[in-house]
Amino acid sequence: MIRTRFSLRWSRSIPHRLVSLPLAAVTALVVVSLSPAPAHAATVPGPPTNVIGTKASATSAQVSFSPPASDGGAPITSYTAQCTSTNGGNPGTGSGSGSPLTVGSLSAGATYQCRVHATNSVGPGPLSAPSPTFVLTTLPGAPVNVNATKASATSAQVTFNPPASNGGEPITSYMAECTSTNGGNPGTGTGGGSPLIVGLLSSGFTYQCRVRATNSVGSGPFSEPSFSFVLTTTPGTPTDVTASKFSTTSARVAFSPPTSNGGAQITSYTAQCNSTNGGASGAVTGGGSPLTVSGLSSGFTYQCQVRATNSVGDGTFSPPSAPFVLTTVPGPPTSVNATKASPTSAEVTFSPPASDGGAQITSYTAVCNSTNGGASGRTIGSESPLTVGLLSSGSTYRCQVSATNAVGTGPASDLTPPIVLTAVPGMPTNVTAVQSSPTSLQVSFDPPASDGGSTITGYEAECASGNDMPVSVAGASSPIDVDGLTTGATYECQVRAMNDVGFGEWSATSSFTLFGPPGAPTDISATASSPTSAQVSFSPPANTGWTAITDYAVECSSGDGGVTRTASGVSSPITVTGLTPGATYTCQVRAINSVGPGDWSVVSDSFTMPATLPGQPTGVSATAASSTTADVSFSPPAFNGGSAITSYTARCVSTNGGITRSQTGASSPIKVQNLGGGRDYQCQVRATNSVGSGAFSPFTSTFSLPATRPDAPTVVTVTAASSTSATVNFSPPAWNGGSAITSYVARCESTNGGIARTKSGSGSPITVTSLTKGKKYRCQVRAINSVGVSAYSALTSTVTLPPGVPDAPRNVAAIPLSSTSARVSFSPPVWNGGSAITSYLARCVSSNGGITRAKTGTSSPLVVAGLTPGKTYRCQVRATNAVGNSPLSAFSTSFKLPT
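About the criteria used
Residues numbered from 1 in each chain as written. Predicted model: local features only at pLDDT ≥ 70, side-chain atom pairs only at ≥ 80, totals over all residues. Heavy atoms only, no water. Helix = DSSP H or I, 4+ residues; strand = E, 2+ residues; numbered from the N terminus. Rg over C-alpha atoms; globule rule 2.2 N^0.38 Å. Buried < 20%, exposed > 50% of the residue type's maximum accessible area, 1.4 Å probe, protein only. Contact = heavy atoms within 4.5 Å. Lys, Arg positive; Asp, Glu negative; His and termini not counted. Charge placed at Lys NZ, Arg CZ, Asp CG, Glu CD. Disulfide = S-S within 2.5 Å. Pairing = 2+ DSSP bridges. Core = buried A, V, L, I, M, F, W, Y, C linked by side-chain atoms within 4.5 Å. Phe/Tyr/Trp six-rings, centres within 6.5 Å; stacked < 30°, edge-to-face > 60°. Lys NZ or Arg CZ within 6 Å of the ring centre and 35° of its normal. Salt bridge = Lys/Arg side-chain N within 4 Å of Asp/Glu carboxyl O. Polar contact = N/O pair within 3.5 Å; in protein donor to acceptor, adjacent residues only side chain to side chain. pLDDT = per-residue confidence, 0-100.

### Here we look at the overall build of the protein
Stage number 1. When you go through the protein residue by residue, the secondary structure sums to 1 helix and 63 strands.
Stage number 2. The C-alpha atoms of the protein give 65 Å as radius of gyration, which overshoots the globular expectation for 899 residues (29 Å, by more than 25%).
Stage number 3. Its C-alpha atoms give the protein principal-axis dimensions of about 225 × 105 × 30 Å.
Stage number 4. Counting only residues that meet the buried cut, the protein has 41% of its 899 residues in that class.
Stage number 5. Restricting to contacts in the protein with at least 6 residues of sequence separation, those with at least 24 account for 60%.
Stage number 6. Considering the protein, the positive charge centre built from 42 side chains and the negative charge centre built from 31 side chains are found 62 Å apart.

This is the structure:
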């Protein structure tokens, strides 16, 4: 027998079982067993572990991992990494024999997760768990919407929007770059966001700007350039400025434009000329060279300069031009004075003019003219003094001097004070005589046209009548009174003047007849024609004083305190006004002619003036005594109208809508009642005597009554807001009592048994709640201010609230009827909600696990069946009407069902 060693291996697919084999079979089995035992079948590898993805470049990732726990029974031949974006980036894969793997063609700036699977000879295994997310950071994109504008003459403001992509990293800064398209200096500016300021640019040049963003990776590309713009500034300085005399008071200024217009068209030029030696300055604005500057001073030295202006503003003035002189005629000589040299000549002294006009003075001319008809004179010489001859003795003269240079003769100096070449005075003129008394004449006259060159020391007036000796009187001036004449005689009067040389000629004569005053009027009578006037009648005097009576004077005086008054008229009767009513008067009359008033007549019989209305009370003042009462104080009028004052009436008028009230009293003060609280008032007073009431005094100053309760609100209406609320609309009261209304109270009462409710609010409308459903209501409102509460407004018309659900049933009681049923009794709700109750529902609830059951019926009691034997219950009920279900009632007391 052959013995050999062997082993048995069972296929996994063949069930293990015990087998009894004959030896032969065993032998055969041994033979078969000599071949190799069969191997287990291989599977795909497990998922790799510890997968980590990191950025390899802006568009690739490096994926590291650990091999899977199982290779599936066959060696792993490769690994594949798959990376997908969580925010829209391109996916990518990468393969290799081991960790790490590189995955390309990804999207810069996107967020990724990566997974890996292993492959063996069987095939690819499952994907690993995803790696933590990571970002493929890169440079940021280009900013967009770039716009650039001028910030100053040498800087720009650049605005922009951030780039669509920040490259996966926060943008840390922006840089703006501005370059000129026509030669200006470039510039840059950096900052954290829009806008950026770019400085050190060139005024007047054209620029475009662009922006780029920077993150931790670096700086991204520049944006598209902005639209072109110009850094405008003021223009440069004009050049080649020259100036010369244009006239004696103006200069012609020529120039060339500045090399730079500042980036904006030059709109004007200003030329300015200033004197170096005190002349007046001048300036002018115009469109270009040359410009004429006026208003300068002749004979002074000037320099001129020019500046240009554009839409930005004024440029700087150019350097001054070369100096030049505005030559002209000389100024007027100064300190000119004239004195008498002889009866027919004057000596004129003077000082040279302040300005020679820019050229040497060659001569002076003195001219003397008479102010009263004398002959004029003229002399030319080279210096002061100059003697002017051939003048008129006795005439008055004023002289002046002018200077001459190569340009011409300048203006004459001021006139000298007058000088006189003395003689006897001329004749006085306009001689007239008027009677000053029955025996004197007042002779008036005008001084002679010439005083003879010497001050007139006096005058002599002479009046002569027929062959009588003339009467002469000396005087210093007009008029002169000539006395000692004969009343009724006719006189011829004349006047002559005298100076230190002697008397002049007599004037022409003036004729006058002397008159006397009139006699006294007769037949005097006087009567009152009104409370303040009297009519005085009289007859003319027998003697008129040898001339016509021109007027009559009347005087009426009182012996019991009346005011004395006078009046005048040309004939009888004459009315005297302004007399005192109630006073007793007598009157007298006198006549007046051209000589003067005559004697007073005898007095008339006495008469009494009728009384009149009293005057206005004085010192009127008013103060508030209460919210509806004012105290009005006053003093009696200065005049009672000639009759005792019997009463006073005080009247108070509101300036802002209050009620006007009056009150009568015997004296001050008077209380005026029933005024409007919180209103502003002015008061006045008048007095009453037996004739009647006088005029009201002026109003007092305005005063305010204390505030009072407001009036009731008006225009109150009500509408239903819900089944339990009403909306009350209203208008504020006509008067708030003088104090702001702080709130309103709306009150609604039912006309058919509903609950009355009130509600406060700050204004219209007010909604009053918790009313009774389905009831009829009418409402009213009152206002409240700091003083108190107004009366309620009138009640509104009636509104009916819509019905609501009923109130909950009451008095619920429940008792067992059997082991599975209970009898529930109850009382109907207090209020059915305004709609008839159509049914009730009884509901019984167990507190220890029994089944809840309910039963519907139309009235109490209700039997609830199907309950759980032996369980404890309590029950409640609700009512139903056409609107809906009421709330459930309170629970009944608990009870236990029998088992």
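Moving on, there is more to tell.
### Looking at the state of the cysteines
Stage number 1. Taken as a whole and assessed by the stated rule, the structure comprises 9 disulfides.
Stage number 2. The side chain of C844 participates in a disulfide bridge whose partner is C875; the two sulfur atoms lie 2.1 Å from each other. Classification of the bridge connecting C844 and C875 rests on its S-S torsion, roughly 105 degrees, and on that basis the disulfide is right-handed. Of this pair, C844 sits in strand 59 (residues 837-846) while C875 sits in strand 62 (residues 872-881), and the two are 31 residues apart along the sequence. Residues C844 and C875 agree in their burial class; the two are buried.

### Topic: the environment of T457
Stage number 1. Topologically, T457 is positioned in the loop between strand 30 (440-446) and strand 31 (458-464).
Stage number 2. With a relative accessible area of 51%, T457 lands in the exposed category.
Stage number 3. Apart from the residues lying within four places of it in its own chain, the contact partners of T457 are M498 and N499.

### Points about the environment of T742
Stage number 1. With respect to the element layout, T742 can be found in the loop between strand 51 (725-731) and strand 52 (743-750).
Stage number 2. Overall, T742 belongs to the exposed group, its relative accessible area being 52%.
Stage number 3. Taking C-alpha positions, T742 is 26 Å from Y777, a pair spaced 35 residues apart along the chain.
Stage number 4. For T742, the residues in contact, after removing those within four places along its chain, are I784 and N785.

### Notes on the pairing of strand 1 (residues 49-57)
Stage number 1. Pairing analysis gives 6 bridges linking strand 1 to strand 2 (residues 60-66), with the strands arranged antiparallel. Considered in strand 2, the bridge of S57 is made with S60.

### What to know about the sheet that holds strand 41 (residues 584-593)
Stage number 1. Spatially, 39-38-41-42 is the arrangement adopted by the 4 strands of the open sheet, whose pairing is antiparallel. In the strand order of this sheet, the two ends are held by strand 39 (565-569) and strand 42 (607-608), each with one partner.
Stage number 2. For strand 38 (residues 549-558) and strand 41, the ladder comprises 9 bridges, and the chain directions are antiparallel. Its bridge partner being in strand 41, E555 is matched across the sheet by Q588.

### A few points about the nonpolar core
Stage number 1. If you look at the biggest cluster of nonpolar residues, it comprises 19 residues, and the most contacted ones within it are V536 and C556.
Stage number 2. Among the secondary structure elements, those contributing two or more residues to this core are strand 36 (522-530), strand 37 (533-539), strand 38, strand 40 (574-576) and strand 41.
Stage number 3. Tallying contributions element by element places strand 41 first for this core, with 4 residues.

### Some thoughts on the sheet that holds strand 45 (residues 645-654)
Stage number 1. Taken in spatial order, the 4 strands of this open sheet run 46-45-48-49, and their pairing is antiparallel. In this open sheet, the two edge strands, each paired with only one partner strand, are strand 46 (661-665) and strand 49 (703-704).
Stage number 2. With 5 bridges connecting them, strand 45 and strand 46 associate as antiparallel partners. Note on strand 46: the bridge partner recorded for C652 is R661.

### Quick word on the packing of aromatic side chains
Stage number 1. All told, the structure shown has 14 aromatic pairs when counted by the stated rule.
Stage number 2. Between F255 and Y269, the aromatic rings sit 4.9 Å apart at their centres with planes inclined by 45 degrees, giving tilted as the arrangement. With a gap of 14 residues between them, F255 in strand 16 (residues 250-256) and Y269 in strand 17 (residues 268-275) connect regions that are remote in the sequence.
Stage number 3. Residue class for Y269 comes out buried when judged on its relative accessible area of 6%.
Stage number 4. Here the aromatic rings of F634 and Y648 are separated by 4.7 Å at their centres, their planes lie at 50 degrees, and the arrangement is tilted. Of the two residues, F634 sits in strand 44 (residues 629-635) while Y648 sits in strand 45, which places them 14 residues apart along the sequence.
Stage number 5. Look at F634 and you get buried, because its relative accessible area is 9%.
Stage number 6. Its guanidinium or amino end placed over the ring of F503, R496 lies 4.0 Å from that ring's centre, counting from NZ or CZ.

### Describing the pairing of strand 50 (residues 714-722)
Looking along a regular strand, one sees side chains alternate from face to face of the sheet.
Stage number 1. As defined by bridge partners, strand 50 adjoins strand 51 across 6 bridges and the pair is classed as antiparallel. When the sheet's bridge partners are listed, A720 is paired in strand 51 with A726.

### Description of unusual backbone geometry
Stage number 1. The amide bond that connects S572 to the next residue, P573, takes the cis arrangement and shows omega of -10 degrees.
Stage number 2. Structurally, P573 is set in the loop between strand 39 and strand 40.
Stage number 3. In this structure, D523 takes a positive phi of about 55 degrees despite not being glycine.
Stage number 4. Exposure remark for D523: the relative accessible area of 56% places this residue in the exposed category.

### Considering the pattern of salt bridges
Stage number 1. Evaluation of the coordinates by the stated rule reveals 7 salt bridges.
Stage number 2. The partner of K671 in a salt bridge is D631, with the nearest N and O atoms 2.8 Å apart. Taken together, the residues span a long stretch of sequence, with K671 in strand 47 (residues 670-672) and D631 in strand 44 at a distance of 40 residues.
Stage number 3. Taken together, the shared-partner salt bridges connect R747, E749 and R778 into one network.

### A few points about the environment of G381
Stage number 1. Within the element layout of this structure, G381 appears in strand 25 (residues 377-381).
Stage number 2. Separated by 194 residues in the primary sequence, G381 and T575 place their C-alpha atoms 79 Å from one another.
Stage number 3. Setting aside chain neighbours within four positions, we find G381 in contact with S363, Y364 and L386.

### Things to note about the side chain of S821
Stage number 1. Mapped onto the fold, S821 is located in strand 58 (residues 821-827).
Stage number 2. Among the polar contacts made by the side chain of S821, one reaches the side chain of S818 at a distance of 2.7 Å.
Stage number 3. Those residues in contact with S821, other than ones at most four positions away along the chain, are P816, V863, V864, A865, L867 and L897.

### Here we look at the side chain of T868
Stage number 1. Considering the arrangement of structural elements, one finds T868 in the loop between strand 61 (862-864) and strand 62.
Stage number 2. By relative accessible area, T868 is classed as buried at 19%.
Stage number 3. For T868, the side chain forms a polar contact with the main-chain nitrogen of I851, separated by 2.9 Å.

### Some points on the confidence of the model for the protein
Low pLDDT marks stretches whose predicted atomic positions should not be read closely.
Stage number 1. For the protein, the mean per-residue pLDDT works out to 90, and 96% of the residues sit at or above 70.
Stage number 2. Low pLDDT, under 50, characterises residues 1-39; the stretch is placed with 14 contacts to residues that sit more than four places away or in other chains.

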